[in-house]
Amino acid sequence: MNSKILLLEDDPNLGLVLQENLQQNGFEVDLCTDGEAGKMHYLQNRYELCLLDVMMPKKDGFTLAAEIRQLNSDIPIIFLTAKSLKEDRISGFKIGGDDYITKPFSMEELLLRIQAVLKRTQNTPLKEKNKDTFKIGDYDFNAQKQILAINDEVRKLTHRESELLKLLVQHKNQLLERNLALNLIWGDDNFFNGRSMDVFITRLRKYLKEDDQIQIISVHGKGFKLMVD
């Protein structure tokens, strides 16, 4: 199976050139032109590598990389940037970037760097948090089977309950943005879907009440946090 790459580049012309060249070299490539779209694509798909332009609208490459690192500590990340300052390189590596390539660059150089990074990581299992089984306090949660269990009590979740809980777990102790959850699960962040999601949050709070170390906190106007001590 071809390696799948998430490519973020806000210059649409350069983005298409990079996408087409990578595809011609055997990669599957999803192209996004802003950081928020990149985050949504990352949550919806499985990738072997991320190519992130640093200067992106809505969410910059460093911020997105830090969020991806919270979800997956192992996926390779290469930064694409017009900047060559030492401080920017250090910032990228501190976040957990695997490489840093400065524009302008040749496709040959980019391909060599991608191949080198994938070679270093191909024998390392990806401990992706975008998996199917999770431990939430005293609860065991299987997202694929849509089952939430504690002690001898087993609850079968609906598809949306399971998807919403999975997103909360992936953002454990962090903010899950309301609009992100609505677009990913309901397909639209309109008022009526928002009210529906509030009902689902209430249900999940009820399902998780057996462990008093677990809370789903509402952050007014922003979203929710699944807090687990």
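Small disclaimer: the values here were computed from a predicted structure and weren't measured. Position numbers for residues count from 1 along each chain, tracking the sequence in the order it is written. With the structure being a predicted model, the display of local features is reserved for residues of pLDDT at least 70 and the display and counting of side-chain atom pairs for 80 or more, all residues being used for whole-chain, interface and lining totals. Values shown for side chains rest on all heavy atoms present in the structure; no hydrogens or waters enter the calculation.

Participant: How do you make sense of the environment of phenylalanine 79 when you look at a structure like this?
Facilitator: Note on conventions: DSSP H or I runs of at least 4 residues are helices, E runs of at least 2 residues are strands, and numbering of each starts at the N terminus. Summarising the element assignment, phenylalanine 79 is placed in strand S4 (residues 77–81). Separated by 27 residues in sequence, phenylalanine 79 and leucine 52 have C-alpha atoms that sit 4.9 Å apart.

Participant: Got a minute to help me understand the pattern of salt bridges in this structure?
Facilitator: Side-chain pairs of opposite charge can arise whenever the charged atoms involved come near each other. The term salt bridge refers to a pairing of a side-chain nitrogen on Lys or Arg with a carboxyl oxygen on Asp or Glu at a separation within 4 Å. Taken as a whole and judged by the stated rule, the model has 11 salt bridges. Lysine 59 is the salt-bridge partner of glutamate 67, the closest N and O atoms lying 3.1 Å from each other. Neither residue differs from the other here; glutamate 67 and lysine 59 are each classed as buried. The residue arginine 195 makes a salt bridge to aspartate 198 at a minimum N-O spacing of 3.8 Å. With a gap of 3 residues between them, arginine 195 and aspartate 198 both fall in helix H8 (residues 191–207), about one helical turn apart. You can call aspartate 198 partly exposed: its relative accessible area is 21%. Overlapping salt bridges bring together Glu9, Asp53 and Lys103 as one network. Between buried and exposed lies partly exposed: a residue is buried under 20% and exposed over 50% of the maximum accessible area for its type, with that area taken using a 1.4 Å probe on protein chains only.

Participant: Looking at this model, I keep getting lost on the nonpolar core. Mind explaining?
Facilitator: Burial of nonpolar side chains together is a common tendency in soluble globular proteins. Membership of the largest hydrophobic core comes to 50 residues, with the highest contact counts inside it found for Ile136, Phe141, Leu164, Leu165, Leu168 and Leu226. The dominant element in this core, judged by the number of residues it contributes, is helix H7 (residues 178–186), at 6 residues. Any two residues having at least one pair of non-hydrogen atoms within 4.5 Å are treated as being in contact. Those residues in contact with leucine 226 that lie beyond four places of it in its chain are Ile136, Leu168, Val169, Lys172, Asn173, Gln174, Leu208, Ile214, Gln215 and Ile216. To qualify as a nonpolar core, a set must consist of buried Ala, Val, Leu, Ile, Met, Phe, Trp, Tyr and Cys residues joined through side-chain atoms within 4.5 Å. Leu7, Leu18, Leu111 and Leu118 belong to the second-largest nonpolar core, a separate cluster that totals 18 residues.

Participant: Even after reading the chapter, I still don't get the sheet that holds strand S10 (residues 175–177), so can you show me in this structure?
Facilitator: Backbone hydrogen bonds are what pair the strands of a sheet, in a parallel or an antiparallel way. The strand order across the open sheet formed by 3 strands is S10-S12-S11, and the pairing between neighbours is antiparallel. Strand pairing shows two members of the sheet lacking a second neighbour, S10 and strand S11 (214–219), which therefore form its edges. Each adjacent strand pair in this sheet contributes to an overall mean axis angle of 25 degrees, direction not counted. Think of it this way: DSSP has to see at least two bridges between two strands before they count as a pair. Taken together, the 3 bridges between S10 and strand S12 (residues 223–228) define a ladder with antiparallel strand orientation. Counted as the bridge partner of leucine 176 is phenylalanine 224 from S12. Lines fitted to C-alpha atoms define the axes, with helix axes restricted to the stretch in contact, and inter-axis angles between N-to-C directions lie between 0 and 180 degrees. Running over the sheet, H7 touches S10 and S12 and is turned about 55 degrees from S10. In this fold H8 packs onto S11 and S12, with an angle of close to 155 degrees to the strand it touches most, S11.

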